[in-house]
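# Structure at a glance
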Amino acid sequence: MSDSQSKHIAKSLVPEYIRELQVYQAGKPIDELAREKGLTRISKLASNENPLGPSPFAIKEMTGGLWELHRYPDMHAYKLKTSLSKLYNLKKENIILGNGSEGIMAYISRAFISPGDEVLTSENTFIGFYILSRSVGAKLKTVPLTKDYRFDVKALAENISEKTKVIYIANPNNPTGTYITKDEFDSLMAHVPKHVLVVLDEAYFEFANHCSDYPDSMDYRYDNVLTLRTFSKAYGLSGIRVGYGFGNEHLISNLTKVKLPFEPNLIAQLGACGALHDTPHLERTLKNNQELYEKTFKYLESKNFKPIPSITNFITLKTGSEEASNEMFRLLLDEGVIIRQLKANEMPDFVRISIGTKEEMDHFFEAMEKVIPEYDKKHGRAE
Ligand SMILES: Cc1ncc(COP(=O)(O)O)c(C=O)c1O
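Basis of the calculations
- Residues numbered from 1 in each chain as written.
- Predicted model: local features only at pLDDT ≥ 70, side-chain atom pairs only at ≥ 80, totals over all residues.
- Heavy atoms only, no water.
- Near = heavy atom within 4 Å.
- Polar contact = N/O pair within 3.5 Å; in protein donor to acceptor, adjacent residues only side chain to side chain.
- Areas by Shrake-Rupley, 256 points an atom, 1.4 Å probe, with all protein chains shown as cover.
- Helix = DSSP H or I, 4+ residues; strand = E, 2+ residues; numbered from the N terminus.
- Contact = heavy atoms within 4.5 Å.
- Domains from an automatic or database assignment.
- Buried area = accessible area lost by both parts, 1.4 Å probe.
- Salt bridge = Lys/Arg side-chain N within 4 Å of Asp/Glu carboxyl O.

### Structural notes on the site of the ligand
- Residues in close proximity to the ligand total 13 residues, the closest being Ser101, Asn174, Asp201, Thr230 and Ser232.
- Within the side chain of Asn174, a nitrogen or oxygen atom sits 2.6 Å from an oxygen atom of the ligand.
- A distance of 2.6 Å separates an oxygen atom of the ligand from a polar atom in the side chain of Ser232.
- When isolated, the ligand has an accessible area of 400 Å², and the protein chains bury 94% of it.

So this is what it looks like as structure tokens:
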């Protein structure tokens, strides 16, 4: 079959709102860079993962589970739901599990959004939700971030219309690392009609929870709010894809209807149970992050960059132009350090650096010392 014939078939089969989507771009994998450049010292600071790795408890649980791989997993995930319900003092009926929190975003799109429904959110936020809601034909309405790169709750409230079905808020936001406060959350909720669903994406909750004005959604019990959290970040389990959500049991039971029955898989359920019980590993993770966040932030400031204050495990800074971002990315890549360009988030004039281990951040500082003189030949500092 010719290329034009197969294109024609795809065109007639695939709805326009799918054809218009862009494929999600992940951070550059370590193996790929090693293959391309023959480097041995590589630090991946591109995907906001846990640099300390998974909890040893999680590994033990998962290893034990390998002998059960011929069996389907427990589709009710009894053990994991029991652990989560104890930790958060909730009924199991209020919990949904998925292949990462993005898996649950896919269920939300399937269960609640119909073609033409409006999804209201911000510019410069996590693009996974843009893609998933567009993939079911939603119309995306976005408002700009505030000047200090935070979700603009006032603008969101003003843009709620009779067509609005879902409001998506990443708190803290990726890729800016900023957050909306308790007061801002309260003021937004005062404007949200009861029939509009608010999706609160708290992927970085564990890193943010020490901030006294951060609204921990567990302290609220709104019937139209769904909270999403993940084992991918602070719990160090991105590779097995497991996330969880909390909400009113009628929403959860409808999400369960569109979910594939055996997600998350057996190993993911076991790993998540192990990780939840390893509080010391979580504490080590948060301590490592706090110390190195502060060191990295100060380092960037000492080089006259203006990083955005973040309450997460990453720092975003303005380079001032797409060319400057590309150059910083490329020069650091030559030194074996992978950071993230943010063109896909419509922030081409910014780059994002995830916080790694002490060794990885030392590698980043050393690489920057080499890169900055070259970078400075063409690029200054952005205001
Ligand atoms: C704000 C936000 N939400 C969700 C996710 C996806 O998390 P998961 O791995 O649980 O699908 C990410 C990952 O980077 C994120 O930054």
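### Examining the environment of Glu360
- Positionally, Glu360 belongs in helix H15 (residues 358-378).
- Residues Glu360 and Ala10, spaced 350 residues apart in sequence, show a C-alpha to C-alpha distance of 44 Å.
- Sequence-distant contacts of Glu360, that is, excluding residues within four places in its chain, are made with Ser43, Leu45 and Pro51.
- In terms of polar contacts, Glu360 uses its side chain to reach the backbone amide nitrogen of Thr357, at 2.8 Å.

### Some points on the domain arrangement of the protein
- When cut into domains, the protein gives domain 1 (16-53 + 280-376) and domain 2 (56-278).
- For domain 1 and domain 2, the distance between their C-alpha centroids amounts to 24 Å.
- Counting residues at the interface gives 33 residues for domain 1, matched by 34 residues for domain 2.
- Of the roughly 2700 Å² buried between domain 1 and domain 2 on both sides combined, carbon and sulfur atoms contribute 65%.
- Taken together, the links from domain 1 to domain 2 amount to zero salt bridges.
- Counting across the domain 1 and domain 2 interface gives eleven residue pairs in polar contact (both at pLDDT 80 or more).
- For the side of domain 1 that touches domain 2, the elements supplying multiple residues, two or more each, are helix H2 (16-19), helix H13 (279-302), strand S9 (314-318) and strand S12 (350-354).

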